[in-house]
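# Coordinate analysis (summary)
This is what each chain is made of:
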Amino acid sequence: MVGSAFSGFAKRASAAETQYPPGIPAWTRSLGAGVVADPYGMPSPFEKGVIRRNVPWLTAEKKSSVSFSPLQHLKGIITPNGLFFERHHAGRPEIDPQQHRLMIHGLVERPIILSMEDLQRFPSVSQIHFIECPANGGMEWRGAQMNSLQFLHGMVSCAQWTGVRLSTLMQEVGIRPEGKWVLAEGADGAAMTRSIPLEKVMDDVIVAYAQNGEALRPEQGYPVRLVVPGWEGNTNVKWLRRLEVGDKPWMQREETSKYTDLMPDGTARGFTWIMDAKSVITSPCPEMPLKGKGIYQIEGLAWSGRGRVKAVDISMDGGRNWQKAQLQEPVISKALTRFALEWNWDGKPALLQSRVVDETGYVQPTLAQLKAVRGTSSIYHKNAIQTWQLNADGSVDNVQLG
Amino acid sequence: MFSLVRSFRYPAGLCFGLWMCTLPMTATAESAGHYGYGETATKAQIAGWDIDVRPDGKGLPDGSGSVDEGMKVFETYCSSCHGAFGEGMGRYPKLAGGDGTLADDRPEKTVGSYWPYASTLWDYIHRAMPFFAPQSLSNDQVYALTAYVLNLNYIVDGDFVANKDTLPTVKMPNEDGFIWQDPRPDTDNKRCMHACKDNVTVSDSAANKNLTPSTTGPLDEGLTE
């Protein structure tokens, strides 16, 4: 994270003269705080502007709402736990892990109730995966609205999740032959539910209790959540209390009224679980303007719910010509992947775009291509190429191309 | 032994989907599948938490409620946010109207115009509403509210009584409006590298629209509308 710290440079000439060579800074001529001054460490106070943010006019209230990760300040593929985007349907519950239980029942041989201690005795896995709300960017189908990377694309975050494979738990309870679907339910006031087909359940779903090495954060489902790699964020049920095996999907509110995609002919697509490949340039962006012509590293993030990122291309002229960017290690399936390209900016206006290709060969579409098929009312799954207009003064605006 | 027999059960029936089918993980041959952790869930424990309801009515409990009863409960617990006729107050969701608008430029998705199954209404009210006091209503109240909201949408008559037998027979107007098979990828962009298009025009810009909350300093609490 590199945030507001840089603003200090502006004051170089006047106030803080002694901090710069040949002067000796005050912090070199004194002692700092001792260990455990902050028993749980926090970012530098100079980074206090690096926070999740919300759009007050977007939802009726904050308990059923979203907040966005500050992608413009994130310098790795891992989202720090305090900056992971939030989506709650009934607020963030405070759950006592001693009293929390996970029930697994339905078409199983042996219905069980697990304490969090029980759960942590099973063999565990640790995997890095992104989670993205399918409504990420959903405000922009009809036109450019948000002039900010954070508010445009900040409903994606990535963490290392540790927990038990759901297949391990399914094996433990023994699925009956008729069992084809699993319902996951949260313990929050929305008792959020989604139906997940057994193929996915047995493939890579994790019942996770840790995030980047520490217990899940309350806003990420403490003490236990589902992680459904590559699938829409909503299926990654938080505060998980119940898993039921059944022979049909349950057609819950979150998979009928919501998280279905309305097409221009009035029909709707349901069960569109996978997050298609997407990329965005994170520097420059509206929050990170350029400061005059010269050499810059164009940097960004790419990801795909179908596997690994294969390549990212960058255009400076609105998609007329493209150059291959460099992918930065590690490149992990269904995880954020960093890319970069060095560019010598001549100070003239430019239209910057990035375009990801994933391992299935799928090429990130333009907004026009998406709209040609899906119209403007489908809300979810807007994974179109983002265009940044770089102005001569170095400022950057979110624009759409005709 | 028991566990191995069990793990051989899935593969054949399961590999029908779009995904590559992986066999259940068998970490070590001896211990595979069965650890015996936790406690067996009793019928009573399951009944307390198993609240989901399916379109075929599975999960609906005993009890019943009429449209008239529902109107009273709705006025007490729901209309402050959703409006007396489900028209929605402020940014709270609208529960009625919008029929025939799904193909319009500004579609209105409501229980009546969009929801494919009536069971979902019972299930959702029961698990999540009223918003400030979820899972506080009796089964009879939830049946009555379901009947009332369906009646607001002209889906059932005024004398309708909702219970576990009548509700699954209610056919929602938009039931056939959904395709439950993901047709994606539905775009076919090409990885062109040079001279990919002739001209480029900017059709819209977010600059100067004043919709974006502040992205620096403390949280922007203001209502930019």
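All figures in this text were calculated on a predicted structure; none of them were measured in a lab.

### A few points about the domain arrangement of chain A
Residues and elements named next belong to chain A. Domain assignment breaks chain A into domain 1 (82–270) and domain 2 (278–399). Computed from C-alpha atoms alone, the centre-to-centre distance between domain 1 and domain 2 is 28 Å. Buried surface at the junction of domain 1 and domain 2, both sides included, amounts to about 3,000 Å², of which 58% is carbon and sulfur. Sorting the residues of domain 1 by area buried against domain 2 places Trp-141, Leu-149 and His-153 first, and these three jointly supply 28% of that buried surface. Between domain 1 and domain 2 we count 2 salt bridges in total.

### Let's talk about the interface of chain B and chain A
Counting from both sides, the interface comprises 99 residues of chain B and, opposite them, 125 residues of chain A. Taken together, both faces of the contact between chain B and chain A bury some 9,600 Å²; the carbon and sulfur share is 55%. Taken together, chain B and chain A are joined by 10 salt bridges. In this structure, A:Arg242 engages B:Asp52 in a salt bridge whose closest nitrogen and oxygen atoms are separated by 2.5 Å. On inspection of chain B and its partner chain A, the count reaches 52 residue pairs in polar contact (both at pLDDT 80 or more). Broken down by secondary-structure element, the contributors of at least two residues to the side of chain B that touches chain A are helix 1 (2–7), helix 2 (11–14), strand 1 (39–40), helix 3 (43–49), helix 6 (119–128), strand 4 (178–179) and strand 5 (202–205) of chain B. Of all the elements, helix 6 of chain B adds the most residues to the side of chain B that touches chain A, at 5 residues.

### A short note on helix 5 (residues 367–374) of chain A
Owing to its 3.6 residues per turn, the α-helix brings residues three or four apart onto one side. All names here are of chain A. Along helix 5, the residues classified as buried are Leu-367, Leu-370 and Arg-374. Down the axis of helix 5, the smallest arc covering the buried residues is 65°, so these residues share one side. Counted as exposed and oriented over 90 degrees from the buried face of helix 5: Ala-368 and Ala-372. On its buried side, helix 5 packs onto strand 13 (261–262), strand 14 (268–269) and strand 23 (396–401). Positive phi shows up at Gly-375, right after helix 5, with a value of about 70°.

### Some points on the sheet that holds strand 22 (residues 387–390) of chain A
Read from one edge to the other, the open sheet built from 6 strands follows the order 18(A)-17(A)-21(A)-22(A)-23(A)-5(B), with strand pairing classed as antiparallel. This sheet does not close on itself; its edge strands, each paired only once, are strand 18 (323–324) of chain A together with strand 5 of chain B. Note: strand 17 (residues 309–315) of chain A against strand 18 of chain A, 2 bridges, orientation antiparallel. In the sheet register, A:Ile314 faces strand 18 of chain A, and the bridge partner there is A:Gln323.

### Structural notes on the pairing of strand 9 (residues 206–211) of chain A
All names here are of chain A. Most of strand 9 is tucked away: 6 of the 6 residues are buried. As paired strands, strand 6 (residues 156–165) and strand 9 are joined by 5 bridges and run antiparallel to one another. Across the sheet, Arg-165 pairs through a bridge with Ile-206, a residue of strand 9. Note that strand 9 and strand 11 (residues 225–227) share 3 bridges and pair antiparallel. Residue pairing in the sheet places Ala-208 in a bridge with Arg-225 of strand 11. Summarising the sheet, strand 9 and strand 10 (residues 214–215) pair through 2 bridges and their orientation is antiparallel. Within strand 10, the residue paired with Ala-210 across the bridge is Ala-215. The hairpin turn running from strand 9 into strand 10, its antiparallel successor, is 2 residues long, and Asn-212 in that turn takes a positive phi close to 50°.

### Some remarks on the packing of helix 4 (residues 67–77) of chain B against helix 7 (residues 139–152) of chain B
Residue and element names in this part refer to chain B. Relative orientation of the contacting elements helix 4 and helix 7 amounts to 100°, with a least axis distance of 7 Å. The angle between helix 4 and helix 7 falls in the class roughly perpendicular. The residues of helix 7 that touch helix 4, namely those facing Val-67, Glu-69, Gly-70, Met-71, Val-73, Phe-74 and Tyr-77, are Gln-141, Ala-144, Leu-145, Ala-147, Tyr-148, Val-149 and Asn-151. For the contact of helix 4 with helix 7, the per-class residue count stands at 10 nonpolar, 3 polar and 1 charged.

### Quick notes on the packing of helix 6 of chain B against helix 7 of chain B
Residues and elements named next belong to chain B. As a packed pair, helix 6 and helix 7 sit with axes 9 Å apart at the nearest point and diverge in direction by 130°. When the axis of helix 6 is compared with that of helix 7, the two are oblique. Helix 7 is crossed by helix 6, and the crossing has right-handed handedness. For the pair helix 6 and helix 7, contact is made by Leu-121, Trp-122, Ile-125 and His-126 and by Asn-139, Val-142, Tyr-143, Leu-145, Thr-146, Val-149 and Leu-150, respectively.

### Focus on the confidence of the model for chain A
Summarising the model, chain A shows a mean pLDDT of 95, and 96% of its residues fall at 70 or more. Across residues 1–15 of chain A, confidence stays below pLDDT 50; counting only partners more than four residues off in sequence or on other chains, it has 25 contacts.

### Thoughts on the state of the cysteines
Tallied over the full model, the rule gives 1 disulfide over all chains. Here B:Cys192 is linked by a disulfide to B:Cys196, with a sulfur-sulfur distance of 2.1 Å. Here the disulfide of B:Cys192 and B:Cys196 is left-handed, its torsion about the S-S bond being about -100°. Sulfur of A:Cys133: no disulfide; nearest cysteine sulfur belongs to A:Cys158 and is 16 Å away. Residue A:Cys158 is classed as buried on the basis of its relative accessible area, which comes to 0%.

### As for the environment of B:Asp105
For B:Asp105, the location among the structural elements is in the loop between helix 5 (79–82) and helix 6. With a relative accessible area of 52%, B:Asp105 lands in the exposed category. Excluding anything up to four places from it in sequence, B:Asp105 contacts A:Arg142, A:Thr376 and A:Ser377.

### Things to note about the packing of aromatic side chains
Within this structure, the stated rule accounts for 17 aromatic pairs over all chains. Consider the rings of A:Phe271 and A:Trp273, whose centres lie 4.9 Å apart with planes at 20°: the pair is stacked. Accessibility assignment for this pair places A:Phe271 and A:Trp273 in one class, buried. Clustering of aromatic rings is evident, with ring pairs tying together A:Trp181, A:Trp231, A:Phe271, A:Trp273, B:Tyr114, B:Phe178 and B:Trp180.

Each value, and the rule that gives it
Within every chain, residues take consecutive numbers counted from 1 along the sequence as written. To label them, take the chains in the order written and letter them from A, then take the ligands in the order written and number them from 1. Totals for whole chains, interfaces and linings use all residues, but because this is a predicted model, local features are given only for residues with pLDDT of at least 70 and pairs of side-chain atoms are given and counted only at 80 or more. Computation of side-chain values covers all heavy atoms of the structure but excludes hydrogens and water. Each domain span listed reflects an automatic or database assignment of domains. Defined here as a combined quantity, buried area equals the accessible surface (1.4 Å probe) lost by two parts on assembly, summed across both. One side-chain nitrogen of Lys or Arg within 4 Å of one carboxyl oxygen of Asp or Glu is enough to make a salt bridge. Note on contacts: a residue pair is in contact if any heavy atoms of the two residues lie within 4.5 Å. Polar contacts, as used here, are pairs of N or O atoms within 3.5 Å; protein pairs need one atom able to donate a hydrogen and one able to accept it. Residues neighboring in sequence count only if both atoms are side-chain atoms. Think of it this way: any DSSP run of H or I at least four residues long counts as a helix, any run of E at least two long counts as a strand, and we number them from the N terminus. Note on classification: 1.4 Å probe, protein chains only; a residue is buried when its accessible area is under 20% of the maximum for its type, exposed when over 50%, partly exposed between these limits. Throughout, the arc means that of the directions going from the helix axis to the C-beta atoms. Two strands pair if DSSP finds at least two bridges between them. To define axes, lines are fitted to C-alpha atoms, for helices over the stretch in contact only, and angles between the resulting N-to-C directions are given on a 0 to 180 degree scale. Angle categories are assigned with fixed cut-offs, so that under 35 degrees is roughly parallel, over 145 is roughly antiparallel, 65 to 115 is roughly perpendicular, and the rest are oblique. Three classes are used, and their members are as follows: Ala, Val, Leu, Ile, Met, Phe, Trp, Tyr, Cys and Pro are nonpolar, Asp, Glu, Lys and Arg are charged, and the others, Gly among them, are polar. Less than a right angle of anticlockwise turn of the near helix away from the far helix marks a crossing as left-handed, whereas a clockwise turn marks it as right-handed. The pLDDT value tells you how sure the predictor is about a given residue, anywhere from 0 up to 100. By definition, disulfides here are pairs of cysteine sulfur atoms that lie within 2.5 Å. Only rings of Phe, Tyr and Trp enter the pairing, Trp through its six-membered ring, and a pair is recorded when the two centres are within 6.5 Å. The plane angle decides the type: under 30 degrees is stacked, over 60 is edge-to-face, the rest tilted.

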